[in-house]
Amino acid sequence: MQVVETIEALRAARRMLPGSVGLVPTMGALHEGHLSLVQQAKAENNVVIVTIFVNPTQFAANEDLAAYPRDLPHDLAMLEGLGIDLVFTPTPALIYPQGYQTYVEVETISQGLEGAHRPGHFRGVATVVAKLFNMTQPDKAYFGQKDAQQVAVIKAMARDLNFPLDVVVCPIKREDDGLAMSSRNTYLDPIQRQAAIILYKALVAASDAYDDGEREPTALRQVMRKVLMGESLADVEYISVSDVNTLRELESAVSTPLLLSMAVKIGQTRLIDNMLLPLALNQSNMLSAILGSG
Ligand code: AMP
């Protein structure tokens with residue numbers, strides 16, 4: 001496994017890689033969720049590039065950029081032995097040198113959900129991912145359903161800017177009790193960690209209601225809200241039922257697939273989670289074609 005820190009070294013190493021290349025962009029503090037992306041990339045390509053970069057432009061001034069967990073030795077130890085060919089670990093100064101002034105803005109799909117609550121977030125995401133695509137020239141790039149809107153933004157960007165690659169969406173890896181794995185889970189103390197299960201419970205309750213025939217978005221949002229209200233540590237930022245392709249908020253019942261999603265603060269820690277309905281759509285062979293493809 002070759003670890004490179006500069007763009008020149010990355011490009012030189014990339015030129016030597018044979019066959020199809022899968023890219024897995026991450027912000028490090030790796031967990032099983034990240035590794036599932038790496039494993040899928042490994043299974044579908046000749047070689048795999050992982051990038052580890054905590055991207056400052058996707059954090060707003062009031063967010064957790066400084067506190068974001070960083071542990072490169074731990075990350076490299078996790079990747080070692082997985083058959084990764086190349087790991088890119090640039091510094092912010094390398095990615096955004098003095099005089100940097102070019103940003104990628106993906107318009108409509110960036111505006112709701114996370115975009116409405118994290119102004120500028122997807123501008124930062126789209127910019128860094130476009131740069132990573134240019135630097136690594138992958139055939140396929142792997143992203144997690146965990147960040148469902150991010151997938152939609154990247155898909156729109158790749159399509160609109162003619163990046164010659166496939167965006168592959170991988171299912172959400174969860175802890176045994178249902179909590180979606182996240183680097184930010186390390187912020188939670190034991191009591192908060194226990195409380196954090198409520199996001200998944202809310203999604204499951206809405207999924208159960210859907211199975212019982214409930215199709216009204218307002219009613220499904222209400223089911224999730226009621227479950228979340230039962231946890232005193234949960235502070236709801238938003239609860240959404242949207243169209244799985246366009247991510248537009250739904251106001252009336254539709255027969256097309258739904259995306260349930262939410263952002264909830266547990267203490268100072270902001271957690272997100274989501275689920276596609278019908279449930280079969282959450283499987284890896286369905287996800288890439290449907291999520292954010294509108
Ligand atoms: P991050 O390091 O948080 O930027 O995540 C890097 C990639 O891993 C993104 O495409 C995420 O959507 C994905 N990811 C994060 N958590 C999970 C999870 N629990 N299961 C699957 N993929 C995930």
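Now for a look at the structure at hand.

## Considering unusual backbone geometry
Both trends apply: most residues other than glycine have a negative phi, and most peptide bonds are in trans.
Part 1 of the argument: A cis geometry characterises the amide bond from Leu-277 onward to Pro-278, with omega recorded as 0°.
Part 2 of the argument: By secondary structure assignment, the location of Pro-278 is in the loop between strand E9 (269–277) and helix H11 (284–290).
Part 3 of the argument: A positive phi angle is found at Gln-137, which is not glycine, with a value near 50°.
Part 4 of the argument: With respect to the helices and strands, the residue Gln-137 is situated in the loop between helix H6 (121–136) and strand E5 (140–144).
Part 5 of the argument: Phi at Leu-247 takes a positive value of approximately 65°, unusual for a residue other than glycine.
Part 6 of the argument: Structurally, Leu-247 is set in the loop between strand E7 (234–243) and strand E8 (258–266).

## Concerning the site of the ligand
Part 1 of the argument: Near the ligand you find 17 residues, and of these Met-27, His-34, Asp-147, Lys-173 and Met-181 are the closest.
Part 2 of the argument: Residue His-34 places a side-chain N or O atom 2.8 Å away from an oxygen atom belonging to the ligand.
Part 3 of the argument: Backbone polar atom of Lys-173 to a nitrogen atom of the ligand: 2.9 Å apart, as the coordinates give it.
Part 4 of the argument: Calculation on the ligand without its partners gives an accessible area of 480 Å², and the protein chains cover 93% of this total.

## Focus: the side chain of Asp-273
Part 1 of the argument: Within the secondary structure, Asp-273 is located in strand E9.
Part 2 of the argument: Only 2.8 Å separates the side chain of Asp-273 from the side chain of Arg-174, close enough to count as a polar contact.
Part 3 of the argument: With residues up to four places along the chain from it excluded, the contact list for Asp-273 reads Ile-172, Arg-174, Ala-180, Leu-199, Tyr-200, Leu-203, Leu-260, Ser-261 and Met-262.

## Describing the packing of aromatic side chains
Part 1 of the argument: Applying the stated criterion to the full structure yields six aromatic pairs.
Part 2 of the argument: Ring geometry for Phe-59 and Tyr-68: centres 5.8 Å apart, planes at 75°, overall edge-to-face.
Part 3 of the argument: On the basis of relative accessibility, which here comes to 10%, the residue Phe-59 falls in the buried class.
Part 4 of the argument: By way of ring pairs, the aromatic residues Phe-53, Tyr-96, Tyr-100 and Tyr-103 are connected into one cluster.
Part 5 of the argument: A cation over an aromatic ring shows up here: Arg-215 above the ring of Tyr-210, its NZ or CZ 3.6 Å from the ring centre.

What counts, and where the lines are drawn
- Residues numbered from 1 in each chain as written.
- Predicted model: local features only at pLDDT ≥ 70, side-chain atom pairs only at ≥ 80, totals over all residues.
- Heavy atoms only, no water.
- Helix = DSSP H or I, 4+ residues; strand = E, 2+ residues; numbered from the N terminus.
- Near = heavy atom within 4 Å.
- Polar contact = N/O pair within 3.5 Å; in protein donor to acceptor, adjacent residues only side chain to side chain.
- Areas by Shrake-Rupley, 256 points an atom, 1.4 Å probe, with all protein chains shown as cover.
- Contact = heavy atoms within 4.5 Å.
- Phe/Tyr/Trp six-rings, centres within 6.5 Å; stacked < 30°, edge-to-face > 60°.
- Buried < 20%, exposed > 50% of the residue type's maximum accessible area, 1.4 Å probe, protein only.
- Lys NZ or Arg CZ within 6 Å of the ring centre and 35° of its normal.

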